[in-house]
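Listed below, chain by chain, are the residues.
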Amino acid sequence: MRASDQLRDIEIQRPYLGQSPGSVLYRSGDTAVLCTASVSDRVPDWMVGKGKGWVTAEYAMLPHSTGTRKSRDRGGKVDGRTTEIQRLIGRSLRAVVDLQALGERMVTVDCDVLQADGGTRTAAITGGYIAMVDAIRSALPGCLIGTPPLTDSVAAVSVGVVDGRVVLDLDYELDFAAAVDMNVVMTGSGRFVEIQGTGEEATFDDAELTELLRLARQGIEQLTARQQQILA
């Protein structure tokens, strides 16, 4: 049984696809997400002529990523949950990119869930960052993390309160049982990008919040070390 402060086993295969400048198969326990990234010289119409770039993300769950087949999004229709997750991934990745230094380029990060067992959005952010770095380096050879346009790293993890104890990195079973669940996104330098916390028919106090954030920070520090190791 996994300790409450222990991450699930992480496996990162990079590169994973030969056709993409950035491709990562990211596994967190039984959750598997394929993250690919590409760079184009066209930015959205509303950014043309501003001398700045853009980073955007798309997210999808494949039909048999869960036990019951999930219908594909068709005809440009994307459900509300998917839209929310795409925006979260995009915000998280943009937080560590200097868009001015990127120039008029657009980075698109595609995150496709192959198998879902909790934490798909946090896996997409953590794996998507690695794919994004590789894609940007393909367009701007020699750029280093910590210098524009790659100003920092970013990773994410879930935490929750399950049976009265604070637990790191929730799989589906733990997430289902959690009285409180939270997704935390942080940069490698330790700054928060986003905190999404919810009491599921429950409440939480200052002490529990402090412990949730402490454990999330601990997990993200470990994920950041893995990213640095992979990208070195």
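None of these values were measured; they are calculated from a predicted model.

Rules of the game
Residues numbered from 1 in each chain as written. Predicted model: local features only at pLDDT ≥ 70, side-chain atom pairs only at ≥ 80, totals over all residues. Heavy atoms only, no water. Helix = DSSP H or I, 4+ residues; strand = E, 2+ residues; numbered from the N terminus. Rg over C-alpha atoms; globule rule 2.2 N^0.38 Å. Buried < 20%, exposed > 50% of the residue type's maximum accessible area, 1.4 Å probe, protein only. Contact = heavy atoms within 4.5 Å. Areas by Shrake-Rupley, 256 points an atom, 1.4 Å probe, with all protein chains shown as cover. Pairing = 2+ DSSP bridges. Axes fitted to C-alpha atoms, helices over the stretch in contact; angles between N-to-C directions. Expected span 1.5 Å × (residues − 1). Bend = angle between axes of the 7 residues up to and from the residue. Core = buried A, V, L, I, M, F, W, Y, C linked by side-chain atoms within 4.5 Å.

Asker: Describe the overall build of the protein, and please don't skip the residues or the numbers.
Answerer: Each helix and strand in the protein was counted, giving five helices and nine strands. Listed by position from the N terminus, the elements making up the protein come as β-β-β-β-α-α-β-α-β-β-α-β-β-α. Relative to its length of 232 residues, the protein is compact, with a C-alpha radius of gyration of 17 Å against a globular reference of 17 Å. Each principal axis of the C-alpha atoms in the protein carries an extent, and together these give about 55 × 40 × 30 Å. Looking at the 232 residues of the protein, the share that counts as buried comes to 47%. Across the protein, every contact between residues at least 6 apart in sequence was considered, and the portion connecting residues at least 24 apart equals 69%. On the protein, roughly 11,300 Å² of surface is accessible, and the fraction owed to carbon and sulfur atoms is 48%.

Asker: Describe the sheet that holds strand β7 (residues 165-168), listing the residues and the values that go with them.
Answerer: Spatial strand order, β7-β6-β8-β9: four strands in an open sheet with antiparallel pairing. The sheet is open, and its two edges are formed by β7 and β9 (192-199), each paired on a single side. The mean inter-strand angle of the sheet, taken between neighbouring strand axes irrespective of direction, is 15°. Docked against the sheet, helix α1 (residues 80-94) engages β6 (154-162), β8 (180-187) and β9, running at close to 150° with respect to β9. Packed on one face of the sheet, helix α5 (residues 206-231) meets β6, β7, β8 and β9 and runs near 145° to β6.

Asker: Break down helix α3 (residues 120-139) for me, citing the residues and quoting the values.
Answerer: The terminal C-alpha atoms of α3, which comprises 20 residues, lie 28 Å apart, in line with the 28 Å expected from a rise of 1.5 Å per residue. The largest bend along α3 reaches roughly 25° and is located at G128. Of all 20 residues in α3, 17 are buried, a share of seventy percent or more.

Asker: Please give an account of the sheet that holds strand β1 (residues 10-13) that cites residues and values.
Answerer: Judged by pairing direction, the sheet is mixed, and its five strands sit side by side in the order β1-β2-β3-β5-β4 without closing on themselves. Looking at strand neighbours, the two that pair on one side only are β1 and β4 (54-61), the edges of this open sheet. Neighbour to neighbour, the strand axes of the sheet diverge by 20° on average, direction disregarded.

Asker: Help me get a handle on the nonpolar core, residues and values and all.
Answerer: Counting residues in hydrophobic clusters, the biggest one holds 60 residues, and the most contacted among them are I89, Y129 and M132. Ranked by the residues each element gives to this core, the list is headed by α3, at 10 residues. Those residues in contact with I89 that sit more than four places away from it in its chain are A57, Y59, C111, A124 and I125. Counting residues in hydrophobic clusters, the runner-up holds five residues, among them V162, V167, L174 and A178.

Asker: Kindly report on unusual backbone geometry, identifying the contributing residues and their values.
Answerer: Omega for the peptide link from R14 to P15 comes to -10°, which places this bond in the cis form. Positive phi outside glycine occurs at D163, with the angle close to 50°. You can call D163 exposed: its relative accessible area is 74%. A positive phi angle is found at D169, which is not glycine, with a value near 60°. Structurally, D169 is set in the loop between β7 and α4 (172-177).

So yeah, pure geometry; function would need other evidence.
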